[in-house]
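# Per-entry structural report
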Amino acid sequence: MENKRNVLMERYDFGRLLGQGNFAKVYYGRNLITGQSVAIKVIDKEKVLKVGLMDQIKREISIMRLVKHPNVLQLYEVMATKNKIYFVIEYAKGGELFNKVAKGRLKEDVARMYFQQLIRAIDFCHSRGVSHRDLKPENLLLDENGGLKVSDFGLSATAESNRQDGFLHTTCGTPAYVAPEVIYRKGYDGAKADIWSCGVILFVLLAGYLPFHDANLILMYQKIRRAEYKFPNWFSPEMCRLLSRMLDPNPKTRISITKIMENSWFGKGFNCNAVTIKNEVTGLDPLAADVIFDSCENDSAPAEAKKEMSQPASLNAFDIISLSSGFDLSGLFAKDNQKKETKFISMHSASTITSKLEDVARFLKLKVKKKDGGLLKLEGSEKGRKGALSIDTEIFEFTPSFHLVEVKSSSGDTLEYQQILENGIRPALKDIVWAWQGE
Ligand code: AMP
């Protein structure tokens, strides 16, 4: 039990606060018998129970037992008191890797060295059927020798869990590392999503800034979905080739870990025998998770919260809205000075939006052409002052019931487009539009 001398279970000295997550505070600790430094993650049981995460945490502890690798922070043991759960974890003395990048981009060799360690860790975990799903700067720590340590493998749920209360807190980090298929809730392969995130991390290490960035969240998602990024001029062609294979928006054609490891840029200075991987079971008692949580069997989380839990990490409409400043939806839209383009948000399904757009086109005597990727072209048959009018509408899915629709004039007279938009399209779409840009 924690007492006034800050000793946990008569085994660990509690020290200074190292950092803070959503449900957890992480403290420095020292094993009183061996003197070994550890990190102690303290989780508030009540908060976890409230959001229905207890089963997930139990499962994740079992997963973490499968993963023992020099580049993955090791879970030494789990303890619990009536109100708290304690994870005793390997201590990463060097702190977060991204504190280094914050001081400026890394030299190519240094970035490669970290990247090799990251890929080694991910490869190992994937081979054990565990994907991280939440790779981001906060989860990459360093030991005292500069060795990379991936943290929260299998525990990403604790970071993600706050979606249950409807808010995506800032401590959850940025969605800038998340693969397009995760954002768009398409159902995804966790391993492929991890490769995308590793691509973003490598880019950041080498460039010193994010490949996909926009103050406007929706525009950032568009960039991610379209894999719209530019390589800085100091990136070598080899680096660009590897990164473009990792940042492939199609998970099916995205490069695999095996191919990354065969890549010539990756292979420089890489000694695959340099690390001996121990895979014995950690000191954790296999039944520890159940014993620790026995008192939690009466998990009273609402059924809805539990259902949500089993779904992969992704953002829901409410997350997106809460990310826009102070619930002001205008923050979701870009400032658009050209009057040739507008957007609206709809809470209807993509098929409802499409059929509504088709109805409106028929009513306005516009021809409809369906293109790939949810693009509809509405074309006027008569030639206007500047040729036939053509309007492109594109649907971006954030969740099955939360869409952003872009409406833009691709040819013809702008004034004619504005008139048809104001007097025809906007009023006809009123049943399915939740908010127009600027409203
Ligand atoms: P987390 O809740 O795991 O995201 O941890 C919050 C912060 O605590 C991290 O961003 C780190 O700065 C710090 N931290 C977490 N685990 C460790 C560790 N094992 N060693 C050192 N610092 C840690």
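The model shown is predicted, which means the values in this text are computed figures rather than measured ones.

Another aspect to go through is the overall build of the protein. Summing up its helical and strand segments, the protein has 16 helices and 15 strands in all. Across the 439 residues of the protein, 53% fall into the buried class. A fraction of 66% describes how many contacts in the protein between residues 6 or more apart in sequence connect residues 24 or more apart. Element-wise, carbon and sulfur atoms account for 51% of the exposed surface of the protein, whose accessible area totals about 20800 Å².

If you check helix 15 (residues 350–363), its first and last C-alpha atoms are 20 Å apart, about what 14 residues at 1.5 Å a residue would give, namely 20 Å. Considered for burial, the residues of helix 15 that qualify are Ile-353, Thr-354, Leu-357, Glu-358, Val-360 and Ala-361. The arc that holds every buried residue of helix 15, seen down its axis, measures 165 degrees, which confines them to one face. Among the exposed residues of helix 15, those pointing more than 90 degrees away from its buried face are Ser-351, Arg-362 and Phe-363. Within two residues after helix 15, Lys-365 carries a phi angle of roughly 60 degrees, on the positive side.

Moving on: the sheet that holds strand 9 (residues 148–150). Adjacent strands of a sheet form backbone hydrogen bonds with each other and so pair up, either parallel or antiparallel. If you walk across this open sheet you meet the three strands as 7-8-9, and the pairing is antiparallel. The open sheet has two edge strands with one neighbour each: strand 7 (95–96) and strand 9. Bridge analysis of strand 7 against strand 8 (residues 140–142) gives two bridges, and the strand direction is antiparallel. Note that in strand 8 the partner of Glu-96 across the bridge is Leu-141. Across the sheet, helix 4 (residues 108–127) is in contact with strand 8 and strand 9; its angle to strand 9 comes to roughly 35 degrees.

Looking now at the UniProt feature "binding site: ATP" (unreviewed entry) in the protein. The feature "binding site: ATP" (unreviewed entry), as annotated in UniProt, sits at Lys-41 in this numbering. As for its position among the elements, Lys-41 is in strand 4 (residues 37–44). Discounting chain neighbours no more than four positions away, the residues touching Lys-41 are Ala-24, Lys-25, Val-26, Ile-85, Tyr-86, Phe-87, Ile-89 and Asp-152.

Ala-39, Lys-41, Glu-90, Ala-92 and Glu-96 are the nearest of the 15 residues found near the ligand. Contacts to the ligand include Glu-90, whose backbone N or O atom sits 2.8 Å from a nitrogen atom. At a separation of 2.9 Å, a nitrogen atom of the ligand approaches a polar backbone atom of Ala-92. Protein chains bury 88% of the 480 Å² of accessible surface belonging to the ligand in isolation.

This part is about the pairing of strand 2 (residues 12–20). When strand 1 (residues 7–8) meets strand 2, the two strands line up antiparallel, connected through two bridges. Residue pairing for strand 2: Leu-8 is matched across the bridge by Tyr-12. Here strand 1 folds back onto strand 2, and the loop between the two strands holds three residues, one of which, Met-9, carries a positive phi near 50 degrees. Direction of pairing for strand 2 relative to strand 3 (residues 24–31): antiparallel, over a ladder of six bridges.

The subject of this paragraph is the sheet that holds strand 4. Spatial ordering of the open sheet is given by 1-2-3-4-6-5, a layout of six strands whose pairing is antiparallel. Since the sheet does not close on itself, it has two edges, and those belong to strand 1 and strand 5 (75–80), each with one partner. Strand direction decides the pairing type here: strand 4 and strand 6 (residues 84–90), joined by seven bridges, are antiparallel. Of the residues in strand 6, the one forming a bridge with Ile-43 is Ile-85.

On any regular strand, side chains alternate: one points to one face of the sheet, the next to the other face. For strand 10 (residues 341–346), a buried count of five out of six residues is recorded, marking the element as mostly surrounded by other parts of the structure. Pairing between strand 10 and strand 14 (residues 402–411): six bridges, direction antiparallel. Among the inter-strand pairings, Ile-345 is bridged to a residue of strand 14, identified as Leu-404. Of the strand pairs in this sheet, strand 10 and strand 15 (residues 435–436) are connected by two bridges, and their pairing is antiparallel.

Another aspect to go through is the packing of helix 7 (residues 190–207) against helix 9 (residues 237–246). Packing of helix 7 against helix 9 leaves a shortest axis separation of 8 Å and a crossing angle of 145 degrees. Like other packed secondary-structure pairs, helix 7 and helix 9 cross with a definite hand, here left-handed. Side by side, helix 7 and helix 9 meet where Ile-195, Trp-196, Cys-198, Gly-199, Leu-202, Phe-203 and Leu-206 of the first sit next to Met-239, Leu-242, Leu-243 and Met-246 of the second. Among the residues forming the contact of helix 7 with helix 9, the class breakdown is 10 nonpolar, one polar and no charged.

Counted according to the given criterion, the structure contains three cavities of 30 Å³ or more. By volume, the second largest cavity is sized at about 60 Å³. Forming the boundary of the second largest cavity are Arg-133, Asp-134, Leu-135, Tyr-177, Val-178, Ala-179, Val-182, Ala-193 and Ser-197. Broken down by class, the residue content of the lining of the second largest cavity amounts to six nonpolar, one polar and two charged.

Conventions adopted
Residues numbered from 1 in each chain as written. Predicted model: local features only at pLDDT ≥ 70, side-chain atom pairs only at ≥ 80, totals over all residues. Heavy atoms only, no water. Helix = DSSP H or I, 4+ residues; strand = E, 2+ residues; numbered from the N terminus. Buried < 20%, exposed > 50% of the residue type's maximum accessible area, 1.4 Å probe, protein only. Contact = heavy atoms within 4.5 Å. Areas by Shrake-Rupley, 256 points an atom, 1.4 Å probe, with all protein chains shown as cover. Expected span 1.5 Å × (residues − 1). Arc of directions from axis to C-beta. Pairing = 2+ DSSP bridges. Axes fitted to C-alpha atoms, helices over the stretch in contact; angles between N-to-C directions. UniProt positions renumbered as here; feature names shortened; annotations may be inferred. Near = heavy atom within 4 Å. Polar contact = N/O pair within 3.5 Å; in protein donor to acceptor, adjacent residues only side chain to side chain. Left-handed = near helix turned anticlockwise from the far one by under 90°. Nonpolar A, V, L, I, M, F, W, Y, C, P; charged D, E, K, R; others polar. 1 Å grid on protein atoms, 1.4 Å probe; cavity = no way out; pocket = protein on both sides within 12 Å on 5 of 7 lines; lining within 4 Å. Points joined across faces, edges and corners; volume = space filled by probe spheres on them.

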